[in-house]
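A look at the structure
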Amino acid sequence: MDERIEIARTIPAEAAEVFAVLADPQGHVAIDASGMLMDAEGKPVTAVGDRFLVHMDREGLGDVPLGRYDVTVVITAFEPDREIAWSIEGTIKPPIGHVYGYRLEPVDGGTLVTSYYDWSGISDEWRARGIFPVIDQKSLRATLGILERTVRRGYPRG
């Protein structure tokens, strides 16, 4: 079974402009296509191990009646203007272990942005629940579209 989804899109912007959105907690909220991210607290991340808080509402997916809850985003990969990835910590201990991320590659006309979601590292207990992937290809694709729109509009606006 495939345990990773990747979707790519060329965004007509420099990698630094795209990365600025992805490193900012509020950027995550701004580009979310799932409807689950309501708000975030924290400063833009600068290294592996950095963390920020995200206020979630699972009702956006309409699949599990979790309502509103908070998670901590923990940065697991950080290479400025090239890659950023994170895992989620919440009330579930140990953490589930799924990873979200973006790879950026300069190309003619802008930056090729690859969004990925990887649940290959989750425990057998979570795998047996049959709830993965939580986010599907359509949501990743839509998020890339929103990311392009956000960057084109000059994020962040002061």
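Residues numbered from 1 in each chain as written. Predicted model: local features only at pLDDT ≥ 70, side-chain atom pairs only at ≥ 80, totals over all residues. Heavy atoms only, no water.

1. A closer look at helix α4 (residues 137-152)
Cut-off, in case you're wondering: We count a stretch as a helix when DSSP gives it H or I for four or more residues in a row; a strand needs E for two or more, and each element gets its number in order from the N terminus. For a helix, the expected span equals 1.5 Å multiplied by the number of residues minus one. Relative accessibility decides the category of a residue: with a 1.4 Å probe and only protein chains considered, values under 20% of the type maximum give buried, values over 50% give exposed, and everything between is partly exposed. Residue contacts are counted whenever heavy atoms from the two residues lie within 4.5 Å of one another. For the purposes of these results, a polar contact is taken to be a pair of N or O atoms within 3.5 Å, where, inside protein, one atom must be able to donate a hydrogen and its partner to accept one; residues adjacent in sequence count only when each atom of the pair is a side-chain atom.
Between the first and last C-alpha of α4 there are 23 Å, a value that for 16 residues agrees with the 22 Å anticipated at 1.5 Å per step. Every buried residue belonging to α4 is among S139, L140, T143, L144, I146, L147, E148, T150 and V151, and all of these are buried. For α4, the secondary structure elements touched by its buried residues are β1 (4-11), α1 (15-22), α2 (25-31), β6 (99-107) and β7 (110-118). Its side-chain oxygen at 3.3 Å from the backbone nitrogen of K138, D136 defines the N-terminal cap of α4. After α4 finishes, the residue G154 shows a positive phi value of roughly 90 degrees.

2. Concerning the environment of G154
Locating G154 in the fold gives a position in the segment after α4. As a C-alpha pair, G154 and V21 span 133 residues in sequence and 9.9 Å in three-dimensional space.

3. A short note on the sheet that holds β1
Definition in use: Two strands are said to pair when DSSP picks up at least two bridges between them. A fitted line through C-alpha atoms serves as each axis, taken over the contacting stretch for helices, and the angle formed by two N-to-C directions is quoted from 0 to 180°.
With respect to topology, 7 strands assemble into an open sheet ordered β1-β7-β6-β5-β4-β3-β2, the strand pairing being antiparallel. In the strand order of this sheet, the two ends are held by β1 and β2 (37-41), each with one partner. This sheet shows a mean twist of 25 degrees between the axes of neighbouring strands, independent of strand direction. The sheet contact formed by strand β3 (residues 51-57) and strand β4 (residues 68-79) spans 7 bridges and is antiparallel.

4. Considerations on the packing of α1 against α4
Threshold: An angle counts as roughly parallel when it lies under 35 degrees, as roughly antiparallel when it exceeds 145, as roughly perpendicular when it falls between 65 and 115, and as oblique in every other case. In a left-handed crossing the near helix is turned counterclockwise from the far helix by less than a right angle, and in a right-handed crossing that turn is clockwise. When residue character is reported, Ala, Val, Leu, Ile, Met, Phe, Trp, Tyr, Cys and Pro are called nonpolar, Asp, Glu, Lys and Arg charged, and the others, Gly included, polar.
Where α1 meets α4, the closest approach of the two axes is 10 Å, and the angle between their N-to-C directions is 110 degrees. Considered as vectors, α1 and α4 are oriented roughly perpendicular to each other. Between α1 and α4 lies a crossing of right-handed hand. Only L147, T150 and V151 of α4 make contact with α1, whose side of the interface consists of E17, V18, V21 and L22. Looking at the contact of α1 with α4 residue by residue, the classes come out as 5 nonpolar, 1 polar and 1 charged.

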